[in-house]
Amino acid sequence: MKKSIFLGTLAVAGLAAGLASAQTLADVQARGSLKCGSNEGLAGFAFPDANGNMQGFDVALCRAIAAATLGDAQAVEFVPLTSQTRFTALAAGEVDVLVRNSTWTFTRDNDLGLDFVGVNYYDGQGFMVRKDLGVSSARELDGATVCIQTGTTTELNLADFFRVNAISYEPVPVATNAEGQQQYLAGACDVYTTDISGLAATRATFENAGDHVILPEVVSKEPLGPVVRHGDNAWGDIVRWTLFALLAAEEHEITSANVREIASAATDNPEINRMLGTEGELGQKLGLSSDWIVNVISSVGNYGEIFEAYIGENTPVGLARGLNAQWTNGGLMYAMPFN
Amino acid sequence: MADMTGTPRDTFRLSQLLYDARYRSMTIQVIAAMLLMLSLAWLVDNTVQNLAALGKDFSFRFLWTTAGYDINQQIIPFSSQDTHARAALVGILNTLLVAFMGCILATVIGVLAGVLRLSKNFVVAGIMTFYVEAMRNTPLLIWILIVFAVMTEATPQPRDFREGGGASMILWDSVAISNRGVFVPKPLWGEGSGLVVAVFLLSIAAIFILRRVARKRQEQTGEQLPVFRLSLALFFIPALLAFFVMGQPITLEMPELGGFNFVGGIQIRNSLIALWLALSLYTSAFIAEIVRSGILAVSRGQTEAAFALGMQPNRTMQLVILPQALRVIIPPLISQFLNLTKNSSLALAVGYMDVRSTLGGITINQTGREIEGILLLGTFYLIVSLIISSAMNYYNSSVKLKER
Ligand SMILES: N[C@@H](CCC(=O)N[C@@H](CS)C(=O)NCC(=O)O)C(=O)O
């Protein structure tokens, strides 16, 4: 009798655990909002605007997923996560998706029980120093004190870079970007290192941004992208194809301004028709409505619009498209066909 | 069947388990134990299932793979090519270092503050009351951050020590206080320095013997030796003699500006200083209260009796009050030492690389072994706590009232 209760409990618990992992879409729709793991605050990528609404390049992807699944880009609950807590929070189910400057690496994809589903920004690690140090190359940094965010890929790259170049350094670990910025500005470290996009974003908030330079060396590949839990493939597909929709929309010049008009009647481009639901039923295959991409583009714009609005050359962050241009313009951004 | 006692035995009924006072508490305990076991089993099973759903296993093999990251403060040598296990060990040593330094400083400040709080001088007692209350009633993390902020914002950068930078080294150019830490001279052990150290250790042993001899002599003859002055002489003279006889084998390497930072000397990082000071100040407030209550627990009559015998206040404190107060002080003191050690895991707030930051932080993050890492971390703190409390319990039993 004792034994059967025990086994019964185990079976129920096991079933509950098994079920919980494979229905993120249903959970999100039942809740009526998307829980998105985001940055605590990084200019251009995730920051609150004057009204306290979250804005930014990474935030826009969260809003796009909410628009696709719930039809409402505002139905997002942002959960700020540090670099140390982000993957644990995702694995534990505290967020449905993580969009937080996270690099796609083998270990993270395979050892952490997570799945990267795409790349929304191709980046690399760089170094920022004060101009008046007179340093022009990272190889001149022998003996420098380097501020570095713990729990990042940059920690490993940094160790490798200095070891391979046989120069020494003193790492000063910091827990958040804000702390790193404070230590760097106080002169407690000579160098701040992280993803170049992060350096540019951090520098954009400095009072005298012109006093700091980002050194030419790019010491790693940092493909940043959205992450979901391993095991719920249907949800992974939704996030992946929402990202592709943003990219394909730019490729086909579908913008937030013209998407409703283009979607009002079938065009002579079959891919556009399939995307916008005037032909076929791609949305249904993901368990979404047929106008899911219309919702996405009309509320956040296409990839190019998002880039220019938050981190492009006309913003304080001032990043060039570079590797992140469309493949048709010599970049790496390439949406798989909507067939 | 013949019943020798004559009282008829009741037949046992199931309802007795609940209504019979003889069995009821037993029943409740058995049920509670079963519920506890069930919830534990559920937790474990749920974890195993969820790990399996994520495609993760449970294994400690990650400890033997390359760590890949660097650690700034290393008591034993460490490079990014060493294993996660060694990184954990470096972290453990850093934890033990700050805990050890913290316990000592906290005790010193705590005893001082506790005794002074009992002072008859109104101002001194008032200041100490303020100190104790301010420390005790604010979270430790805030003190750590305050001390660290002061250390980084209020001290000059290394480059300010250059010509015309406005900052300069102190103590005949041997110590530099900068926002990256305090740089102090480093002893270089030349040939023959082993002998000097040996002489020094021997004279310390001699001091202990001297004290014992002096006590015996006082017990037998009542005559007091000038123990303090003799100890002082023993401490310095033989070692200095040996130092000069051996031709000054121990030299000092001074910190000097070079490149981006000071080179040479020993760097005591701001993270260590901030964590050490904050832990010590915070814990000392609790120790002060323990000491005060210990002293107050010794009845006033003891002091009066000692005075009546013609003892001076100092000696009364030393020979009559403190030995008795210690019995009250030691047990709660143990738990303060344990608290301090465990609180040192707040180190990450200032980037101090303790075991929580290496094994429980970077390693877990790079390998995704949360459960294994946290289990190891918990085990480590458990073992350290058990060691500290058994050592202190041993000391406690040596000072407690001996019933003869
Ligand atoms: N791409 C790296 C670094 C990610 C990272 O933590 N980036 C920093 C700066 S680019 C950041 O987002 N900090 C924001 C914060 O701490 O709130 C990784 O995935 O490990």
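So, how was this worked out
Residues numbered from 1 in each chain as written. Chains lettered and ligands numbered in written order. Predicted model: local features only at pLDDT ≥ 70, side-chain atom pairs only at ≥ 80, totals over all residues. Heavy atoms only, no water. Helix = DSSP H or I, 4+ residues; strand = E, 2+ residues; numbered from the N terminus. Rg over C-alpha atoms; globule rule 2.2 N^0.38 Å. Buried < 20%, exposed > 50% of the residue type's maximum accessible area, 1.4 Å probe, protein only. Contact = heavy atoms within 4.5 Å. Buried area = accessible area lost by both parts, 1.4 Å probe. Salt bridge = Lys/Arg side-chain N within 4 Å of Asp/Glu carboxyl O. Polar contact = N/O pair within 3.5 Å; in protein donor to acceptor, adjacent residues only side chain to side chain. Nonpolar A, V, L, I, M, F, W, Y, C, P; charged D, E, K, R; others polar. Near = heavy atom within 4 Å. Areas by Shrake-Rupley, 256 points an atom, 1.4 Å probe, with all protein chains shown as cover. Domains from an automatic or database assignment. Pairing = 2+ DSSP bridges. Phe/Tyr/Trp six-rings, centres within 6.5 Å; stacked < 30°, edge-to-face > 60°. Core = buried A, V, L, I, M, F, W, Y, C linked by side-chain atoms within 4.5 Å. Disulfide = S-S within 2.5 Å. Axes fitted to C-alpha atoms, helices over the stretch in contact; angles between N-to-C directions.

(A) A look at the overall build of chain A. A count of helices and strands for chain A gives 14 helices and 14 strands. The C-alpha atoms of chain A give a radius of gyration of 22 Å, which matches the 20 Å a tight globule of 339 residues would have. In terms of overall dimensions, chain A has C-alpha extents of about 70 × 60 × 40 Å along its principal axes. Within chain A, buried positions represent 57% of all 339 residues. Considering only contacts in chain A between residues 6 or more positions apart, those separated by 24 or more positions represent 72%.

(B) Molecular detail of the interface of chain A and chain B. Of the residues lining the interface, 51 residues belong to chain A; the matching set on chain B comes to 43 residues. With both chains or domains summed, chain A and chain B bury close to 3,800 Å², and 53% of this area falls on carbon and sulfur atoms. Joining chain A to chain B, the criterion identifies two salt bridges. Among the ionic pairs, B:Arg180 bridges to A:Asp190, the shortest N-O distance being 2.6 Å. Inspection of the chain A/chain B interface yields 14 residue pairs in polar contact (both at pLDDT 80 or more). The dominant element in the side of chain A that touches chain B, judged by the number of residues it contributes, is helix α1 (residues 2-20) of chain A, at eight residues. Tallied by class, the residues present in the side of chain A that touches chain B amount to 21 nonpolar, 18 polar and twelve charged.

(C) How the structure looks around the site of the ligand. Residue and element names in this part refer to chain A. Not every one of the 21 residues close to the ligand is listed here, only the nearest: Asn39, Arg86, Thr103, Asn177 and Asp195. Arg108 places a polar side-chain atom, nitrogen or oxygen, 2.9 Å from an oxygen atom of the ligand. In this structure, an oxygen atom belonging to the ligand sits 3.0 Å away from a side-chain N or O atom of Gln149. Relative to its unbound accessible surface of 510 Å², the ligand loses 99% to contact with the protein. Here the shell around the ligand is built from residues that sort into two nonpolar, 13 polar and six charged. Both of domain 1 (2-122 + 224-329) and domain 2 (125-220) provide at least three residues apiece to the shell around the ligand.

(D) Structural context of the pairing of strand β8 (residues 125-130) of chain A. All names here are of chain A. Of all six residues in β8, six are buried, a share of seventy percent or more. Across the two faces of β8 the burial is the same, with Gln125, Phe127 and Val129 and Gly126, Met128 and Arg130 all buried. The sheet contact formed by β8 and strand β11 (residues 191-195) spans five bridges and is antiparallel. Bridge pairing links Phe127 to Thr193 in β11.

(E) Region of interest: the packing of aromatic side chains. Residue and element names in this part refer to chain A. With the rule as written, the count across this model stands at 26 aromatic pairs over all chains. For the pair Trp241 and Phe338, a centre-to-centre distance of 5.0 Å together with 80 degrees between the ring planes defines the contact as edge-to-face. In this pair, Trp241 sits in helix α9 (residues 233-251) while Phe338 sits in the segment after α14 (303-310), placing the two residues 97 residues apart along the sequence. Its relative accessible area of 3% is what places Phe338 among the buried residues. Ring pairs connect the aromatic residues Phe45, Phe57, Tyr121, Tyr303 and Phe307, which therefore count as one cluster.

(F) Molecular detail of the domain arrangement of chain A. All names here are of chain A. Its domain assignment divides chain A into domain 1 (2-122 + 224-329) and domain 2 (125-220). One C-alpha centre belongs to domain 1, the other to domain 2; they are set 30 Å apart. At the junction of the two partners, domain 1 supplies 18 residues and domain 2 supplies 16 residues. Of the roughly 1,100 Å² buried at the junction of domain 1 and domain 2 (both faces included), carbon and sulfur atoms supply 58%. Where domain 1 touches domain 2, the interface holds zero salt bridges. At the surface where domain 1 touches domain 2, the tally comes to four residue pairs in polar contact (both at pLDDT 80 or more). Grouping the amino acids of the side of domain 1 that touches domain 2 by side-chain chemistry returns eight nonpolar, six polar and four charged.

(G) Region of the structure containing unusual backbone geometry. Residue and element names in this part refer to chain A. Phi at Asn101 takes a positive value of approximately 45 degrees, unusual for a residue other than glycine. Looking at where Asn101 falls in the secondary structure, it is placed in the loop between β5 (97-98) and α5 (106-110). Under the relative-accessibility criterion, Asn101 is labelled buried at 11%. Residue Glu253 is not a glycine yet carries a positive backbone phi of 55 degrees. Summarising the element assignment, Glu253 is placed in the loop between α9 and α10 (259-263). Here Glu253 falls in the exposed class, since its relative accessible area comes to 61%.

(H) Just the nonpolar core, in detail. With 64 residues, the main nonpolar core has A:Leu34, A:Val97, A:Trp235, A:Leu246, A:Ile254, A:Leu276 and A:Phe338 as its most contacted residues. In contact with A:Leu246, not counting residues within four places along its chain, are A:Leu61, A:Ala64, A:Val296, A:Ile297, A:Val300, A:Gly301, A:Asn302, A:Tyr303 and A:Ile306. One finds B:Ile329, B:Ile330, B:Tyr352 and B:Val399 within the second-largest nonpolar core, a separate group that totals 50 residues.

(I) Spotlight on the state of the cysteines. All names here are of chain A. With the rule as written, the count across this model stands at two disulfides over all chains. The side chain of Cys36 participates in a disulfide bridge whose partner is Cys62; the two sulfur atoms lie 1.9 Å from each other. Of this pair, Cys36 sits in strand β1 (residues 34-38) while Cys62 sits in helix α3 (residues 57-70), and the two are 26 residues apart along the sequence. Owing to a relative accessible area of 0%, Cys62 belongs among the buried residues under this scheme. With its sulfur 2.0 Å from that of its partner, Cys147 forms a disulfide with Cys189. Here Cys147 and Cys189 share a disulfide; its torsion about the S-S bond, -95 degrees, makes the bridge left-handed. Pair noted here: Cys147 is in strand β9 (residues 144-149) and Cys189 is in the loop between α7 (177-185) and β11, with a separation of 42 residues, a long-range link.

(J) Expanded view of the domain arrangement of chain B. According to the domain assignment, chain B contains domain 1 (16-53) and domain 2 (84-185 + 254-399). Placing the centre of domain 1 of chain B and that of domain 2 of chain B at their C-alpha centroids yields a distance of 42 Å.

(K) Looking closely at the sheet that holds β11(A). All names here are of chain A. A sheet is described by the order of its strands in space; here five strands give the open sequence β10-β9-β11-β8-β12, paired in mixed fashion. Each edge of the open sheet carries a strand with a single partner, namely β10 (169-174) and β12 (212-214). Looking at each pair of strands side by side, their axes are set apart by 30 degrees on average, direction ignored. Sheet analysis places β8 next to β12, joined by three bridges and oriented antiparallel. Note that in β12 the partner of Arg130 across the bridge is His212.

(L) Main features of the pairing of strand β2 (residues 181-184) of chain B. All names here are of chain B. In this structure, strand β1 (residues 176-178) lies alongside β2, joined through three bridges in antiparallel fashion. Note that in β2 the partner of Ile177 across the bridge is Val182. Hairpin connection from β1 to β2: two residues lie between these consecutive antiparallel strands. Across four bridges, β2 lies against strand β7 (residues 266-269) in antiparallel orientation. Each residue of the ladder has a partner; that of Val182, found in β7, is Ile268.

(M) Geometry of the sheet that holds β1(B). Residues and elements named next belong to chain B. Reading across the sheet, the three strands line up as β1-β2-β7 and stay open at both edges, with antiparallel pairing between neighbours. Across the chains shown, the open sheet's two edge strands, defined by having one partner strand only, are β1 and β7. Going across the sheet, the axis of each strand differs from the next one's by a mean of 20 degrees, ignoring polarity. Its contacts with the sheet place helix α8 (residues 270-297) against β1, β2 and β7, and it is angled at close to 50 degrees to β7.

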